[in-house]
Amino acid sequence: MTVTDVARESVASALEQAPVVSHLNPLPSYDLADHPVPTGREEVWRFTPIKRLRGILDGEPSDARLEWDTSVPEGIEISTITAEQARELGELPPNERPAALAVARSGGAALIDVPAELAPGEPLVIRLTGASVDDLVWGHLVFRIGNHADVTIVLLHSGSARYCATTSFLVGDGARVNVVSLQDWADDAVHLGRDAIRVGRDASVKHTSVSFGGDVVRMHANVEYAAPGGEAELLGLYFADAGQHLEHRLFADHNQPRTKSNVAYKGALQGQGAHTVWIGNVLIRKVAEGIETYEENRNLVLTDGCQADSVPNLEIETGEIAGAGHASATARLDDEQLFYLRSRGVSDVEARRLVLHGFFNDLIRKVGVPSLEGRLTQTVEVELAKTVLAGVPLGASLILPVEEVAD
Amino acid sequence: MSTLEITDLHVSVNTEDGPKPILNGVTLTIKDGETHAIMGPNGSGKSTLAYSIAGHPKYTVTGGTVTLDGEDVLAMSVDERARAGLFLAMQYPVEVPGVSVSNFLRTAKTAIDGESPKLRTWVKDVNNALQALDLDPTFASRSVNEGFSGGEKKRHEIAQLELLDPKVAVLDETDSGLDIDALKIVSEGVNRFASKGNKGVLLITHYTRVLRYIKPDFVHVFVAGRIAEQGGAELADQLEAEGYDKYTSALR
Ligand SMILES: Nc1ncnc2c1ncn2[C@@H]1O[C@H](COP(=O)(O)OP(=O)(O)O)[C@@H](O)[C@H]1O
Ligand SMILES: [Mg+2]
């Protein structure tokens, strides 16, 4: 099926819950024909270095897999289902070529079942390790989280691969879910990922995307709501080094009344050609009265030669909202902060370290997985060692324009 | 023994249109045990003097010398100056989000002393220092200056002064914006510091009221980037009565 603008409009007016009119969020479809190979000029691809995706978008079949190593709390079941079964479970269908390819090429999905009311004290940890960037790996996962379950899910990506995956989180009524996806790849890895979340009635979901490694990482975090009263907190933390492209695309689709979304992403960039992209899309549909949304992206540019693209985008179709706002800022390390610390005897290097840890600290604390906090702090430390602690000059002492909008 | 000696100091501020001269030859010696008050109208260059002593990158010294016990302060980096025994309580203390007061204080104390403070006594020392400035212990876990009221920021500066225990303290309008209770608390902190002996204090202020609580040995009237007159505490009373007009009109 090819969807024209006209068709899209008529669908939208026929159905209150119709798919989105926004050009940034095409109609979902399993049909690859609906998702042509991008040229790089499309709005959703214009920031992405398509050539460096190493042919993933061509969609060649491949049997290569990431190695799975799991810590599974009692009561949680992992099984394999067919793509059809995933569809019948009500996963979030692909809205972009990589996700459509992941479904079409994976030959089935991993189903992770968290029964209703299960509240394991320990997190479910899935360690996914790639063997080589020569491996093209397709991934298809469905997390089904029962009503009133309370679970923490940690996905750790490491090693190397060309990995393209779509992951659905189907969150039951009143459930509490904390998801952390850590992209800690080797330098040459390419990762196209889409985490799509459907939040049940009065459920609350926290999703954190952490990207440090990889040559190109492009992650979606999409949220929609199955019923009123759901809350989603989308957090992110990234650190791009020379030549790295780290892209995070958020979409909060307020398709139900009295729902909440809160987005906070923080990133740092260092080294020639470090590139980060943050796209924060929020759609407030006509039915979505009484919702609250806030999204925020902050970037810290540590050296010359980096680029941080940051685009918040709020589309509002109803006037009856409780609150909506966004902020986006990109700045250098603050000279006044460094001066203040140094005037207390703290060395230049130590002052930079303090300010940078400070920048990430509140976010790391918000992640809410104590066993991961140490690792994240340590990873920040390792990244910092590459420039800040190595005494590499941090460029001119200029504060880039800061844009702050709160409406 | 400690002496801060400022001789014929000329300083420019770096602006978009190039350097702009602010200090036009400041000469001042602060020996230990002495409290000097610098009083002057807004814009006369008081903060420029304070920042220049501390080494703020916005200011360029174009002439003159600053020494601490004979050591060339101007040749030192910002943090070296602090480790040499200089302390600046800022007119506008800076917020450092995500860095807790306790972490900040411990890092600073470690840097100044060259070894980390004894864990057993340190927590108590911090709590006492905060309490002495009427800041409750929860401030230790808050981010440095973030969300502090103006008065809390100033009190936090003086708590740092007492904990870090420098040789010479430069206090840039620490009294501004304080209500009378806070002014007393802050003054008591400065007096406690000064009474340790061998300490120098350079108290920069716009108003005479703080001098009711902190008794200066010398008063310098600061106008247009230089010292226009100096005297004892009685000079402050004269300023109280007559204001700065006499000095500023002389320039016109
Ligand atoms: N960035 C700047 N550009 C231009 N003038 C400046 C800048 N910073 C300070 N000045 C000027 O330097 C002078 C002295 O400022 P300051 O030292 O802050 O005075 P004070 O502390 O006595 O009020 C003022 O006239 C002020 O306008
Ligand atoms: Mg001033």
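In this text, all values refer to a predicted model and were calculated from it rather than measured experimentally.

Rules behind the numbers
- Residues numbered from 1 in each chain as written.
- Chains lettered and ligands numbered in written order.
- Predicted model: local features only at pLDDT ≥ 70, side-chain atom pairs only at ≥ 80, totals over all residues.
- Heavy atoms only, no water.
- Helix = DSSP H or I, 4+ residues; strand = E, 2+ residues; numbered from the N terminus.
- Buried < 20%, exposed > 50% of the residue type's maximum accessible area, 1.4 Å probe, protein only.
- Areas by Shrake-Rupley, 256 points an atom, 1.4 Å probe, with all protein chains shown as cover.
- Pairing = 2+ DSSP bridges.
- Near = heavy atom within 4 Å.
- Polar contact = N/O pair within 3.5 Å; in protein donor to acceptor, adjacent residues only side chain to side chain.
- Patch = residues over 30% accessible without salt bridge, like charges linked within 9 Å, V, L, I, M, F, W, Y side chains within 5 Å.
- Salt bridge = Lys/Arg side-chain N within 4 Å of Asp/Glu carboxyl O.
- Lys, Arg positive; Asp, Glu negative; His and termini not counted.
- Charge placed at Lys NZ, Arg CZ, Asp CG, Glu CD.
- Core = buried A, V, L, I, M, F, W, Y, C linked by side-chain atoms within 4.5 Å.
- Contact = heavy atoms within 4.5 Å.
- Axes fitted to C-alpha atoms, helices over the stretch in contact; angles between N-to-C directions.
- Expected span 1.5 Å × (residues − 1).
- Arc of directions from axis to C-beta.
- Buried area = accessible area lost by both parts, 1.4 Å probe.
- Nonpolar A, V, L, I, M, F, W, Y, C, P; charged D, E, K, R; others polar.
- pLDDT = per-residue confidence, 0-100.
- Donors = N, O, S within 2.8 Å, 3.2 Å for Na, K, Ca; no water.
- Phe/Tyr/Trp six-rings, centres within 6.5 Å; stacked < 30°, edge-to-face > 60°.
- Lys NZ or Arg CZ within 6 Å of the ring centre and 35° of its normal.

K.L.:
Explain the overall build of chain A to me, please; I cannot follow it from the model alone.
P.N.:
The helix and strand inventory of chain A stands at six helices and 17 strands. Within chain A, the fraction of its 407 residues that count as buried is 58%. Carbon and sulfur atoms make up 49% of the accessible area of chain A, which amounts to about 15500 Å² in all.

K.L.:
What is the right way to look at the pairing of strand 11 (residues 218-223) of chain B in this model?
P.N.:
Each regular strand carries side chains that alternate between the two faces of the sheet. Residues and elements named next belong to chain B. Burial analysis of strand 11 places five of its six residues in the buried class, the great majority of the element. Pairing of strand 11 with strand 12 (residues 226-231), which is carried by five bridges, proceeds in the antiparallel orientation. Within strand 12, the residue paired with Val-221 across the bridge is Glu-229. The antiparallel pairing of strand 11 with strand 12 creates a hairpin that spans two residues between the two strands, and Ala-224 there sits at a positive phi of about 50 degrees.

K.L.:
Mind showing me how you'd approach the site of ligand 1 here?
P.N.:
Residues and elements named next belong to chain B. In the vicinity of ligand 1, 13 residues are found, and the nearest of them are Ile-22, Gly-43, Lys-46, Ser-47 and Thr-48. In this structure, an oxygen atom belonging to ligand 1 sits 3.2 Å away from a main-chain N or O atom of Ser-44. In the model, an oxygen atom of ligand 1 is placed 3.0 Å from a nitrogen or oxygen of the Gly-45 main chain. Protein chains shield 67% of the accessible area of ligand 1, which is 570 Å² for the free molecule. Put simply, the parts of the chain that give the shell around ligand 1 at least two residues each are strand 1 (3-15), strand 2 (18-31) and helix 1 (46-54).

K.L.:
What's the story with a negative patch on the surface in this structure? I'm lost.
P.N.:
Residue and element names in this part refer to chain A. A cluster of acidic residues, Asp-173, Asp-202, Glu-231 and Glu-292, forms a negative patch on the protein surface. Along the polypeptide, Glu-292 turns up in strand 14 (residues 292-301). Overall, Glu-292 belongs to the partly exposed group, its relative accessible area being 38%.

K.L.:
Which parts of the structure should I look at to understand the nonpolar core?
P.N.:
Burial of nonpolar side chains together is a common tendency in soluble globular proteins. Judged by nonpolar contacts, the single largest core of 112 residues is most densely connected at Phe-360 of chain A together with Leu-4, Ile-6, Leu-49 and Leu-171 of chain B. Per-element accounting of this core gives the leading share, nine residues, to helix 5 (residues 348-367) of chain A. With residues up to four places along the chain from it excluded, the contact list for Leu-4 of chain B reads Leu-28, Thr-29, Ile-30, Ile-53, Val-66, Thr-67, Leu-68, Leu-86 and Val-168 of chain B. Counting residues in hydrophobic clusters, the runner-up holds 50 residues, among them Val-171, Val-199, Ala-221 and Ala-274 of chain A.

K.L.:
Can you help me understand the sheet that holds strand 5 (residues 71-72) of chain B in this one?
P.N.:
Note on sheets: strands pair through backbone hydrogen bonds, and any given pair is parallel or antiparallel. Residue and element names in this part refer to chain B. Taken in spatial order, the four strands of this open sheet run 2-1-4-5, and their pairing is antiparallel. Only two strands of the sheet have a single partner each, and these edge strands are strand 2 and strand 5. Sheet analysis places strand 1 next to strand 4 (residues 59-68), joined by eight bridges and oriented antiparallel. Paired with Glu-5 across the bridge in strand 4 is Thr-67. Along the sheet face, helix 1 touches strand 1, strand 2 and strand 4 and points at about 105 degrees away from the line of strand 1.

K.L.:
I'm lost on helix 4 (residues 119-132) of chain B in this one. Help?
P.N.:
The periodicity of an α-helix, 3.6 residues per turn, causes residues three or four positions apart to be oriented the same way. Residue and element names in this part refer to chain B. Spanning 14 residues, helix 4 covers 20 Å between terminal C-alpha atoms, matching the ideal 20 Å at 1.5 Å per step. What helix 4 keeps buried is the set Trp-122, Val-126, Ala-129 and Leu-130. Across the axial projection of helix 4, the buried residues extend over an arc of 95 degrees, all falling on one side. In helix 4, the exposed residues that point more than 90 degrees away from the buried face are Arg-120, Lys-124 and Gln-131.

K.L.:
I keep staring at the interface of chain B and chain A and nothing clicks. Help me out?
P.N.:
Many analyses report the size of an interface as the accessible area lost when the parts associate. Opposite the 33 residues of chain B that make contact, chain A presents 18 residues. Overall, the association of chain B and chain A removes approximately 2000 Å² of surface from exposure, summing both partners, and the carbon and sulfur fraction of that is 66%. Scanning the region where chain B abuts chain A turns up two salt bridges. Glu-157 of chain B is the partner of Arg-344 of chain A in a salt bridge, and the nearest nitrogen-oxygen pair spans 2.7 Å. At the junction of chain B and chain A, the tally comes to eleven residue pairs in polar contact (both at pLDDT 80 or more). Looking at the side of chain B that touches chain A, the elements that each hand over two or more residues are helix 1, helix 2 (78-84), strand 6 (86-89), strand 7 (96-100), helix 3 (101-113) and helix 5 (150-164) of chain B. For the side of chain B that touches chain A, a count of residues per class yields 20 nonpolar, nine polar and four charged.

K.L.:
Mind showing me how you'd approach the confidence of the model for chain A here?
P.N.:
Detailed reading of the predicted coordinates is not advisable wherever pLDDT falls low. Summary statistics for chain A give a mean pLDDT of 89 and a share of 89% for residues scoring 70 or more. Low pLDDT (under 50) marks residues 392-407 of chain A, which in the prediction has 34 contacts with non-local residues, meaning those over four places away or in another chain.

K.L.:
Which parts of the structure should I look at to understand helix 7 (residues 234-242) of chain B?
P.N.:
Residues and elements named next belong to chain B. Within helix 7 the residues assigned to the buried category are Leu-235, Ala-236 and Leu-239. All buried residues of helix 7 project into a common sector of 100 degrees when viewed along the axis, lining one side. In helix 7, the exposed positions angled more than 90 degrees off the buried face are occupied by Glu-234, Asp-237, Glu-240 and Ala-241.

K.L.:
Honestly, the side chain of Ser-160 of chain A in this entry has me stumped. Any pointers?
P.N.:
With respect to the helices and strands, Ser-160 of chain A occurs in strand 5 (residues 150-171). Residues in contact with Ser-160 of chain A, not counting those within four places in the same chain, are Gly-130, Ala-131, Ser-132, Val-133, Trp-185, Ala-186, Asp-188 and Ala-189 of chain A.

K.L.:
Could you clarify how one ought to interpret the pattern of salt bridges in this entry?
P.N.:
Oppositely charged side chains are able to pair whenever their charged atoms sit close together. All names here are of chain A. On inspection of all chains with the given rule, the structure shows 26 salt bridges over all chains. We note a salt bridge from Arg-144 to Asp-113, for which the minimum N-O separation is 2.6 Å. Taken together, the residues Arg-144 in strand 4 (residues 124-145) and Asp-113 in strand 3 (residues 109-114) connect sequence positions 31 residues apart. The network of salt bridges with common partners includes Glu-96, Arg-218, Glu-247 and Arg-249.

K.L.:
Mind showing me how you'd approach the coordination of the magnesium ion (ligand 2) here?
P.N.:
Six octahedrally arranged donors around a metal ideally form angles of 90 or 180 degrees; four tetrahedrally arranged donors ideally form angles of 109.5 degrees. Residues and elements named next belong to chain B. Around the magnesium ion (ligand 2), the protein contributes the donor atoms Ser-47 (OG) and Gln-91 (OE1), at 2.1 to 2.2 Å from the metal centre. Here Ser-47, found in helix 1, pairs with Gln-91, found in the loop between strand 6 and strand 7; they are 44 residues apart in sequence, far enough to count as distant. Gln-91 gets classed as buried once you look at its relative accessible area, which sits at 14%.

K.L.:
Where do I start with the sheet that holds strand 6 of chain B in this structure?
P.N.:
Residue and element names in this part refer to chain B. Taken in spatial order, the six strands make up an open sheet running 6-9-10-3-11-12, and their pairing is mixed. Sheet topology places strand 6 and strand 12 at the edges, where each strand pairs with a single neighbour. Across the sheet, the mean angle from the axis of one strand to that of its neighbour is 20 degrees, orientation sign disregarded. In this sheet, strand 11 lies alongside strand 3 (residues 35-39) in parallel orientation, the contact comprising four bridges. By the bridge assignment for strand 11, His-36 is matched with Phe-218. Packing of helix 5 onto the sheet brings it into contact with strand 6 and strand 9 (168-172), and relative to strand 6 it is tilted by some 165 degrees.

K.L.:
So what exactly am I meant to see when it comes to the packing of aromatic side chains here?
P.N.:
In this structure the tally under the stated criterion is eight aromatic pairs over all chains. Taking 5.6 Å as the distance between ring centres and 15 degrees as the angle between the ring planes, the aromatic pair formed by Tyr-51 of chain B and Tyr-59 of chain B counts as stacked. A single burial state applies to Tyr-51 of chain B and to Tyr-59 of chain B, both of which are buried. A network of ring pairs unites the aromatic residues Phe-239, Phe-359 and Phe-360 of chain A as a single cluster. For the cation-ring pair, Arg-218 of chain A lies above Trp-45 of chain A, with the distance from its terminal atom to the ring centre recorded as 3.6 Å. Sitting above the plane of the Tyr-340 of chain A ring, Arg-344 of chain A keeps its charged end 4.8 Å from the centroid.

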